[in-house]
Every structure is written in C-alpha cells, then in structure tokens.
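Topology and contacts: notes
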Amino acid sequence: IDVVTIRAPGTSPVNKNFLLFGEHSRELISPESGLHLVRSLCGETGLSEEAKRVLQDSEFQIVVNGNPESRKKVESGDFCLRVNPDGVDLNRNWAEEWQPGAVLDPADTNPGP
C-alpha cells in the first residue's frame, strides 16, 4: 500500500495528520477525494494558497487507496464488494471483537478471522 507524505520544505510541522481513503472498495469516491486532497496540498488546484498556509505547521501522511486489490475487483464488475481479499471489513475488525448480528449479512459486514 502506497503512503504519500506531504510537508513544506524547511518546516518543522507540529500537526501530524494521517488520512486513510479507500477502505471499502465499493465506495469509489473515497480514493478520488484522497487524490484531490493530495493534488490540492501539492498546489495543483485552486487551493494552492490555502495549502501553503496549512503546510507551514502541518504534515500529512495519506493512504489514497487502503484496499487496492478489492478495488480492482470492483472495477472489474464485483460492484458490491466491501471487504479486502481476506474477507475482512477493514473498519470493523478491531480488538473490540465486533461480530455480525443475525440481522446483518456476514458477506457484507464480515468481521474477519
């Protein structure tokens, strides 16, 4: 998984920001929004002056696509795929041991192994 780090040269940012896009492969707009943010922070949109100001004291680490293999499957026609290739729903498989209830379809909300 690719991680982009953005900060202005010669600065010592006090604000450290980590953003993760594309956890759910079927949610196509998330990585596109992440790409737009990267472009904006790099001064490639109409927000370049604001980006310069923000980058004076902020650094960003950005994962534009946190589920690239499943994204490929969605782009190939598996439009409802939410989980990663191991069947894990990436924002629900945490130490809290979340498990799907009877009313949920495990294929759509799989907590993983």
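Model, not experiment: these values are computed from the prediction.

1. Some points on the confidence of the model for the protein
Residue-level pLDDT values for the protein average 87, and 81% of them are 70 or greater. Of all the helices and strands in the protein, helix α3 (residues 68-75) carries the lowest mean pLDDT, 95, while strand β3 (residues 58-63) carries the highest, 98.

2. Points about the sheet that holds β3
A sheet is described by the order of its strands in space; here three strands give the open sequence β1-β3-β2, paired in mixed fashion. Looking at the sheet topology across the chains shown, the edges are occupied by β1 (4-6) and β2 (15-20). Within the sheet, the average angular offset between the axes of one strand and its neighbour, ignoring direction, is 15°. Pairing geometry for β2 and β3, over six bridges, is parallel.

3. Quick look at the pattern of salt bridges
Overall, the coordinates contain 10 salt bridges when judged by the stated rule. For Glu32, the salt bridge goes to Arg71, with nearest N and O atoms at 3.4 Å. In this pair, Glu32 is assigned in helix α1 (residues 29-41) and Arg71 in helix α3, connecting sequence segments 39 residues apart. The partner of Glu49 in a salt bridge is Lys52, with the nearest N and O atoms 3.5 Å apart. One end of the pair, Glu49, and the other, Lys52, are both in helix α2 (residues 48-54), three residues apart, so they sit about a helical turn from each other. Linked by salt bridges that have partners in common, Arg7, Lys16 and Glu59 make up one network.

4. Digging into the nonpolar core
One finds Ile6, Ala8, Phe21, Val38, Leu41, Ala51, Leu55, Phe60, Ile62 and Val64 forming the largest nonpolar core, which totals 10 residues. For this core, the secondary structure elements donating two or more residues are α1 and β3. With near-sequence residues (within four places) excluded, Leu55 lies in contact with Ile6, Arg7, Ala8, Thr11, Leu41 and Phe60.

5. A word on the side chain of Ser70
Its place among the elements puts Ser70 in helix α3. Here Val83 takes part through its backbone oxygen, which lies 2.8 Å from a polar atom of the side chain of Ser70. Not counting residues within four places of it along the chain, the set of residues in contact with Ser70 comprises Ser25, Leu81, Val83, Asn84 and Pro85.

Criteria and cut-off values
- Every chain begins its residue count from 1, and numbering advances along the sequence as written.
- Confidence filtering applies because this is a predicted model: local features only for residues at pLDDT of at least 70, side-chain atom pairs given and counted only at 80 or more, and all residues used for totals across whole chains, interfaces and linings.
- For the side-chain quantities, the full set of heavy atoms in the structure was used; hydrogens and water were omitted.
- Scored from 0 to 100, pLDDT records how confident the predictor is in each individual residue.
- To qualify as a helix, a DSSP run of H or I must reach at least 4 residues; to qualify as a strand, a run of E must reach at least 2; elements of each kind are numbered from the N terminus.
- Pairing between strands is defined by DSSP: at least two bridges between the two strands are required.
- To obtain each axis, a line is fitted to C-alpha atoms, and for helices this fit is confined to the stretch in contact; angles are then taken between N-to-C directions over 0 to 180 degrees.
- One side-chain nitrogen of Lys or Arg within 4 Å of one carboxyl oxygen of Asp or Glu is enough to make a salt bridge.
- Buried Ala, Val, Leu, Ile, Met, Phe, Trp, Tyr and Cys residues form a nonpolar core when they are joined through side-chain atoms within 4.5 Å.
- For each residue, the accessible area found with a 1.4 Å probe, counting protein chains only, is set against the maximum for its type, and the residue is called buried under 20%, exposed over 50%, and partly exposed in between.
- The criterion used for residue contact is that any of the two residues' heavy atoms lie within 4.5 Å.
- By the criterion applied in these results, polar contacts are pairs of N or O atoms within 3.5 Å in which, for protein atoms, one can donate a hydrogen and the other can accept it, and in which residues neighboring in sequence qualify only through two side-chain atoms.

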